[in-house]
Amino acid sequence: MTEPADPLLSKAVLIGNSAYEELTPLPAVVNNLTDLGAALRDPEKWGLPQEHCVVLPDRRDSADVSTVLAQVVEEPLDTLLVYFAGHGLVEPTTGELVLATGRTTSGLPLLTGLRYPDVRDILRRRRARRLLLILDCCFSGRATGVMADPSSVVVGQLEIEGAYVLSATGATVLGKAPEGNRHTAFTGGLLDVIGSGVPSGRPFLTPGDLFEYTQKIMAGNGWPQPTQSHENRIRELELMRNPWTGMRGWFSQRRRPAGGAGEDASDLVVGIHVGVSAVRPVFGPAGPDSLTELEAAIDTADRRWLPGMELVRDVMTAMRRDYGDGAATAAIVVSELLSGIHEVVRAGARWEEIADRAEEEAAAVLRRLTGPAPDRETLSVEELAGAVATALGDVPERALVMAAVARVGANRVEIATSTRAAADPEPGLSFVSRLTLDTSVLVPNSSARPVTLHEPYVLVAPEGDLPVEELQRIGWREPGPLLIIASRIDSFAMSSLHSLFAGTVVVVRPAGAATDWDALCTRTGHGLLAGRPLGRADRALVTPSSTTVTGLPGAAPPDGGRVQVHAGPAGGAAHAAAARALAVARSAARSGVLPGGGTGLYRAGRALGADAGLFRAALASPLRQLVRNAGHDADKVMALLDATSADASAGFEYGSGSVTDLRAAGVLDPVATARGVVENAVATVSRYVAAL
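I will try to describe carefully the structure that is included in this document. Everything quoted here is computed from the prediction, not taken from an experiment. (Residues numbered from 1 in each chain as written. Predicted model: local features only at pLDDT ≥ 70, side-chain atom pairs only at ≥ 80, totals over all residues. Heavy atoms only, no water.)

Some words on the overall build of the protein chain
- Helices and strands together make up the secondary structure of the protein chain, namely 24 helices and 26 strands.
- Looking at the protein chain as a whole, 58% of its 692 residues qualify as buried.
- Considering only residue pairs separated by 6 or more positions, the protein chain has 77% of its internal contacts joining residues 24 or more positions apart.
- Counting every atom, the protein chain has about 27,100 Å² of accessible surface; 51% of that belongs to carbon and sulfur. (Helix = DSSP H or I, 4+ residues; strand = E, 2+ residues; numbered from the N terminus. Buried < 20%, exposed > 50% of the residue type's maximum accessible area, 1.4 Å probe, protein only. Contact = heavy atoms within 4.5 Å. Areas by Shrake-Rupley, 256 points an atom, 1.4 Å probe, with all protein chains shown as cover.)

Below, the structure is given as C-alpha cells:
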C-alpha cells in the first residue's frame, strides 16, 4: 500500500453540466455533483474540508474550467481529485475526446468544448503527489492510456506519473443516464461503492476498489463497463474509509437487473467448472494462452452455462488487465472456492455465515501475502526480469520491454501503438522527453490563460536573436505553432513571423537569472548546437508561470522523460505481449516478488490452519494442477513442500519437475498478482450469493 490520502492536504474539483444551449440536458448531473461532494466531505468516508471541495456546476465556457484547473495544479497538495460529468463528444477528424460545457456544440466541438488533451496537459503540471481523474461521460475511455490492457485503443494519452484515471465507458461507447434515476449510471454505481464499501478485508477503499466494484454494479445492470488507467502504486492508494458491513449490506445497496432474478446458483457453479475445464489443461509456462482457450469454449457452450463461464472470463480479464498475469491461477482458485461454498450451503449452512467466513479467511491470507516490508525500495532489474520471464516465457517482446525498464524504470515506460522502430536508444525503443521551466509570457502579452500548442516548433534564442529568414522558409513550407524561449525578443523580427506558423507564435522568458542556455539548446535540438534551425516537439503547454514541452527531439530525457516500446500495431500479438510484460514488471516493482506464486498461495492457505477449509483447499488447487500438468504426483510434491516449509524460497519448478530454490532459479511472481488472485476470488462470492 501507498501512504493514505490525507484529506486535510488534499483537494477535489467537481465539474459538471446539466444544462446546455444546444445539447440534450442531463438533469442527473447536478445530483452527481451534490452527492459526490457530500460523500467526499463526509468525515466517515474521506473527510475533505468544505473549502477543499471546489464545485463548478454548469460552466458555459471551457476557459472557465481550464483557468480553475490551472490554479489548482499550482498548489502543493497530497492528493488532487478531479471529476467531470456531462456530455462527451469525439472530434471526427482527430478522434480526440472533448468535454462539453454549456456552449459546446456538436458541429464545432474543438472550438466550443474543453479538449481532453488540454486538460491532461494542465494536470501534468500539478504539484500534488497523487492525481485521480474521474470522467463520467460518453467515450471517456479515450482518456485512458494502455497499461496492462491490450484492448485499449488510445495509448499514452495520460502521460502523468502517479496518476489514476477512472472512466465511465470505453473509448467508443456511449454513457448511460437512466431516465428517472437520481444519478447517471456510472456515478450512481460509484456512490453505491463509496456508501456501502467492498469485501476486501481492508479498512480503506482504494481506486482499484472503486473501479472493480463499480464495474460489477454496471455489469449487473447491463450498462456500459468502466475503464481504468494507472501509474505507479496509486491503484492501491488508501483513499477513503471502507464501510463494509457484510454481504447483506452490499446487496441491499445494489441495483438488480431488469426482471430482478439472478442466475441459478447450481447452474452458475457448473458454468464456472465448464469454463475452468478449458483452462486447466493449458495451465503452466508451456501451455497456450488460457484466455484464448476459454473464449473458444464459450463460443460452443450451452447457454445455460454462460453466466458461470462469463464470470470466469471477467475474473481472468481483470487479472490480465491489472497485473498482466495470474488469469488462469485466479480462475482455478475461483472454481474451487465456489464449489466448496456451494456444497456447504447445500448442506444447510447459512450463506451469510459462509460469506463472512470467506471474507475473514481472505483477509488472513492477504495479511500473510503482504508480509514484512522489503529491505529496499526497489527490486533489481534481474528480479523484475525474472518475474516477467516467469509470466510470459521467452517471447521477443519481453527482452524489448526489459531493455526499456533497465533504462528508466518500469513506471516511465509505455507501449506505443505505432510500428516505428527508432534507432535511439536502440531498435524498437524511443525516448519521449519532457522539459519543464518556470517562465513568464512575453508574447502574446495579454495571455493570462493556459495555451496548448500541438506539434510546435521550439526555438531557444539566448539573446533574442532570431534566424528570421530560415524561420520564414519553414513557416511557409510546413506551418505549425512556434514556441520561442528567450530572455528578450526583437519586436521587428516578431512582426515578420506573425502571419506564419499557423498564426500562433508564443514567446516565454525563463524565470531567474541563472538559466543554462546551452543545456536548453541541447534539449530542444536547437540549430546553434544540433545543426538545425529549430526542433519540433509533440506538444507544449504554456501557463502564465510555467512552460512544459513534451516529445523534444534533443538529447535523451533526464528526470521526467519516458521510453516508448514499439511492438507493432494495437490489437496485434506482439503489442499484447509487450503490454503484459510491462504490467508484470510494474506489478513486481510496486509490490515485490515471492518465489513461485503457486507455492506462495499454497503456503498461505496452509497457514490458515486445518479449520479454514474454504480458502485452504482453493489456494492449493493451482499448484496441484501445475504439478499434474507437468506429469508428476501432486501428493508427493505437496509432502516435499511441507517438509521444506522453513525454507521460504523452496518450491516446485515446472521445468525440472522438482522442489528447488525458486529464487535462485529466477522463478518469481509479483506479490500484487498473488494478492489479486485472492481479492478476485472473494469478490466472486458476491455473484454466487446474488444467485441464491
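Having seen it, we continue.
Some details on the packing of helix 10 (residues 306-323) against helix 11 (residues 327-346)
- Contact geometry for helix 10 and helix 11: axes closest at 8 Å, N-to-C directions at 145 degrees. Both helix 10 and helix 11 take part in a crossing whose hand is right-handed. The residues of helix 11 that touch helix 10, namely those facing Leu311, Val312, Val315, Met316, Met319 and Arg320, are Ala327, Ala328, Ala330, Ala331 and Val334.
- Classifying every residue of the contact of helix 10 with helix 11 by side-chain character gives 10 nonpolar, no polar and 1 charged. (Axes fitted to C-alpha atoms, helices over the stretch in contact; angles between N-to-C directions. Left-handed = near helix turned anticlockwise from the far one by under 90°. Nonpolar A, V, L, I, M, F, W, Y, C, P; charged D, E, K, R; others polar.)

Observations regarding unusual backbone geometry
- In this structure, the amide linkage connecting Val443 to the following residue, Pro444, adopts the cis form with an omega of -5 degrees.
- The residue Pro444 is located in the loop between strand 14 (434-443) and strand 15 (451-454) in this model.
- You will see that Asp58, though not glycine, has its phi angle at about 50 degrees, which is positive.
- Looking at the secondary structure, you find Asp58 in the loop between strand 2 (53-57) and helix 2 (62-72).
- Assessed through its relative accessible area of 35%, Asp58 is described here as partly exposed.

Points about the sheet that holds strand 6 (residues 114-115)
- One open sheet holds the 3 strands; their spatial order is 4-5-6, and the pairing between them is antiparallel. The open sheet terminates on both sides in strands that have one partner only, identified here as strand 4 (88-90) and strand 6.
- As defined by bridge partners, strand 4 adjoins strand 5 (residues 97-99) across 3 bridges and the pair is classed as antiparallel. Looking at the pairing, Gly88 lines up with Leu99 of strand 5. (Pairing = 2+ DSSP bridges.)

Concerning the nonpolar core
- Counting residues in each nonpolar core, the largest one holds 66 residues, and the members touching the most others are Ile341, Phe615, Val678 and Tyr688.
- Per element, the largest residue contribution to this core is 11 residues, and it comes from helix 11.
- With residues up to four places along the chain from it excluded, the contact list for Ile341 reads Ile354, Ala358, Leu614, Val685 and Tyr688.
- Residues Leu36, Cys53, Ala168 and Tyr213 belong to the second largest nonpolar core, which totals 44 residues. (Core = buried A, V, L, I, M, F, W, Y, C linked by side-chain atoms within 4.5 Å.)

Re the pairing of strand 2
- The sheet contact formed by strand 1 (residues 11-16) and strand 2 spans 5 bridges and is parallel. When the bridges of strand 2 are listed, Ala12 appears paired with Cys53.
- Note that the unit made of strand 1, helix 1 (residues 28-41) and strand 2 has a crossover that is right-handed. (Right-handed = clockwise from strand over helix to strand, strands pointing away.)

Some remarks on the pattern of salt bridges
- Evaluation of the coordinates by the stated rule reveals 26 salt bridges.
- Here Glu75 and Lys11 are joined by a salt bridge, their closest N and O atoms 3.0 Å apart. In this pair, Glu75 is assigned in the loop between helix 2 and strand 3 (79-85) and Lys11 in strand 1, connecting sequence segments 64 residues apart.
- Residue class for Glu75 comes out partly exposed when judged on its relative accessible area of 27%.
- Among the ionic pairs, Arg115 bridges to Asp118, the shortest N-O distance being 2.7 Å. The pair Arg115 / Asp118 is uniform in exposure class, with both members buried.
- The structure contains a network of salt bridges with shared partners spanning Glu21, Arg60, Asp61 and Arg103. (Salt bridge = Lys/Arg side-chain N within 4 Å of Asp/Glu carboxyl O.)

Some words on the packing of helix 12 (residues 351-370) against helix 21 (residues 613-629)
- Put simply, helix 12 and helix 21 touch, their axes get as near as 8 Å, and they point 55 degrees apart. With respect to helix 21, the element helix 12 is oriented oblique. Here Ile354, Arg357, Ala358, Glu361, Ala362 and Val365 of helix 12 lie close against helix 21, whose contacting residues are Gly613, Leu614, Phe615, Arg616 and Leu619.
- Broken down by class, the residue content of the contact of helix 12 with helix 21 amounts to 7 nonpolar, 1 polar and 3 charged. (Parallel < 35°, antiparallel > 145°, perpendicular 65-115°, else oblique.)

Looking at helix 4 (residues 116-124)
- Buried residues dominate helix 4, accounting for 9 of its 9 residues.
- Taken as a whole, helix 4 has its buried residues at Tyr116, Pro117, Asp118, Val119, Arg120, Asp121, Ile122, Leu123 and Arg124.

Coordinates in, geometry out; function isn't part of it.
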